Each structure stands twice: as structure tokens, then as C-alpha cells.
Amino acid sequence: MPELPEVETARRGIAPSVLGRRLERILVREPRLRWPVSAALPQLAAGQQICDLRRRAKYLIFDLERGSLLLHLGMSGTLRLLPHDIAPVAHDHVDIVLDSGLCLRFNDPRRFGSLLWTAEDPLTHTLLRQLAPEPLDEVFDGAYLTRVAKGRRVAIKQLLMNSRLVVGVGNIYASEALFRAGIRPLRAAGRITHAQFDALAAAIKEVLHEAIRAGGTTLRDFFDPEGLPGYFKQALYVYGRGGEPCRICKKPIRQIVQSGRSTYFCPGCQH
DNA sequence: ATGGGCACCTGGCTGC
DNA sequence: TGCAGCCAGGTGCCCA
């Protein structure tokens, strides 16, 4: 479900309600997530103030006074802000109850999401340590992509979805960024020119910024913490548009499968 | 080192 | 209607 813009939308929606508040308690109704939620986690986190709420790739990091919570939304996870006494519905797995009477409720039908505790610097956690630089940071540019793609035969779309090389770009925005940069998703990464990588890095930043501004992309079940959908779907050029005419050249958008996942591109605009 | 395929889950949609 | 089959926004891990 969520790519970087959707996670960032969640972070911005939640931040005003959680920053500086005390985390009263955590209620785990279903610990069987991607990794089992530690039975000790509620006690480790309870009673502490929430000092910061950060995002690293698609992880949300709740920094408490003595340790951090790492939350990943997986494919189908959402966070909602609710009065704590609202009755839970199906797949409401975790409540983070605040001293304001509000609670942050994590719902995740597929349970690919995760909630972890770390007492160390979260950026050194096993799952975060190896992640590529943030795509919206300055160090992420055409020179960076050229460097990491050097000698690689893997298709550029798959490279964009390798979290050791690029983070935050999932299946929707990989297709969208490649369209904007005019690059075919099947092109071997190592054979793309520096100039094309300049265009691709710029396209990634642009599409992520625009999607964040629109509150993310809602295909089916993404809603922000207030329960509102994202409005970026109408701005998609290729994703989910197989067979429909390209918005630029009118040729039909093609849908192919790479690594078992759908890829969309325009045969007229991308080379 | 690199790359490919599988695994983890539920639900919604399509077509018989 | 019912149901089988396929697809879905992620990513860690095992194997060649």
C-alpha cells in the first residue's frame, strides 16, 4: 500500500497530535504482524513522552525519552487518529493511546506491517542500517544513480525498487518516475547515461513531492489519519492505465510484469 | 556480489 | 449465488 508519499502523509497528519504528548499505553490486539510484536513492547514504551516523529524510507520512527518505536505500514496498513474509546473494527491490531484521550490505531488486513522497539539509535537498527539515502535528500542525484547502477544488468525498474540502492520508491512511483524521465523500465540499469540519470533523479524527486502535496495516492484503501483519501491518482500518467491512451502521445499504455509485479510504460514516450 | 524467486497475509474483483 | 483464481501500494531471506 503505502510508498514514501503515503507514509509522509501519515507522519504529517499525526505529528501535531502526538508530538510532546505522553504515550499512556499500547494495546496489542494482534501481535502476529510481519514480525511478532514483542510482548515486552507495551511496557517498554508506556509512560514516555513522544519527543519526535521521523520518517526513514517507509518507516515511521516514534522517538521516546528512552528508545524508539519503529512502525512500518506494509502493503495494507493505515493509521487513524481516534478517540480511544471508539470500538475497534476488523484488523485494528494496535492502539497507541495518548494522554490527550486520542489514540493512534493501526489497522492492517494483510499483516505485512510491523511494530518494533529499539533502545538504540533507530538508524542503526538492522532493518534501517542498510537502507539507501533518502530520495529527497541532496545526495540523491544523477551522479549517485550512475554510481550505484554501474555494471548492473538488472532492469532499471527493479533497481529503483532495491532498498539498498533507492528507498521510498515503490511500484506506483517507479513506473511514474520512469515515464517522466522517458526511460523504458526494462532498460539495463548499467547502460543508462549520466544525463538520463540526472533526469531520473529529478523525476523521482518531482513525483514524490507532487504526491506528498496531493496527500498520497489512493487506489483502494489508503486514507490519511483523518480518514481522507489521497488525490494523486488523477495525476498518474501510466500506473494502472494499461491499454488506455498515453496522456502525451495517445499511444496505448503497456502493462508488463517484472519480478512478479506490474509495470506500466508508454512505448511512444519511453526509450 | 548479483539476481531471482518465495514467503508472509487478507480481501476484492472477475469469470465460469 | 458460489466459488476458484488472480491480483494488490512491501521487503526480508534463501538459493543458484
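Heads up: the structure comes first, above all this text.
Numbers given to residues run from 1 along each chain, matching the order in which its sequence is written. The lettering of chains begins at A and the numbering of ligands begins at 1, in the order of writing. Confidence filtering applies because this is a predicted model: local features only for residues at pLDDT of at least 70, side-chain atom pairs given and counted only at 80 or more, and all residues used for totals across whole chains, interfaces and linings. Side-chain figures throughout are based on the complete set of non-hydrogen atoms in the structure, without hydrogens or water.

Peer 1: What is the right way to look at helix α7 (residues 194-213) in this model?
Peer 2: Along an α-helix, residues three or four apart share an orientation, since each turn contains 3.6 residues. Elements are defined by DSSP. Helices are runs of H or I of four residues or more, strands are runs of E of two residues or more, and each kind is numbered from the N terminus. Expected helix span is taken as 1.5 Å per residue step, with the number of steps being one fewer than the number of residues. For α7, built from 20 residues, the straight-helix expectation of 28 Å at 1.5 Å per residue is met to within 8% by its first-to-last C-alpha distance of 29 Å. Burial classification: accessible surface area is computed with a 1.4 Å probe over protein chains only, and a residue below 20% of its type maximum counts as buried, one above 50% as exposed, and the rest as partly exposed. Within α7, burial applies to Phe197, Leu200, Ala201, Ala203, Ile204, Lys205, Val207, Leu208, Ala211 and Ile212. Tucked inside the fold, the buried residues of α7 contact α1 (4-18), α4 (142-149), α5 (156-160) and α6 (171-181). Phi turns positive one or two residues past the end of α7, at Gly215, with a value near 80 degrees. What makes two residues a contact is simply this: any of their non-hydrogen atoms within 4.5 Å.

Peer 1: How do you make sense of the environment of Ala199 when you look at a structure like this?
Peer 2: Tracing the chain through its elements places Ala199 in helix α7. Under the relative-accessibility criterion, Ala199 is labelled partly exposed at 33%. C-alpha separation for the pair Ala199 and Gly260, spaced 61 residues apart in sequence, amounts to 27 Å.

Peer 1: What is the right way to look at empty space enclosed by the protein in this model?
Peer 2: With a probe scaled to a water molecule rolled over the atoms, the places where space remains empty come into view. Detection works on a 1 Å grid of protein atoms alone, calling trapped sets that fit a 1.4 Å probe cavities and calling open sets with protein on both sides within 12 Å along at least five of seven lines pockets, with lining residues defined by an atom within 4 Å of a point. Grid points are joined across faces, edges and corners, and a volume is the space filled by probe spheres set on the points. All chains considered together, the criterion is met by one cavity of 30 Å³ or more. Counted as a void, the largest cavity has a volume near 30 Å³. Ala10, Leu79, Phe222, Phe223 and Asp224 are, among the eleven residues lining the largest cavity, the residues nearest its centre. Of all the secondary structure elements, the ones that give two or more residues to the lining of the largest cavity are α1 and β5 (78-83). Of the residues in the lining of the largest cavity, the class split is seven nonpolar, two polar and two charged. For the purposes of this description, domain bounds are those given by an automatic or database domain assignment. Lining the lining of the largest cavity are residues from two domains, each supplying at least three of them: domain 1 (4-129) and domain 2 (142-265). Asp, Glu, Lys and Arg are counted as charged, while Ala, Val, Leu, Ile, Met, Phe, Trp, Tyr, Cys and Pro are counted as nonpolar; the rest, among them Gly, fall into the polar class.

Nothing here speaks to function; it is all geometry.
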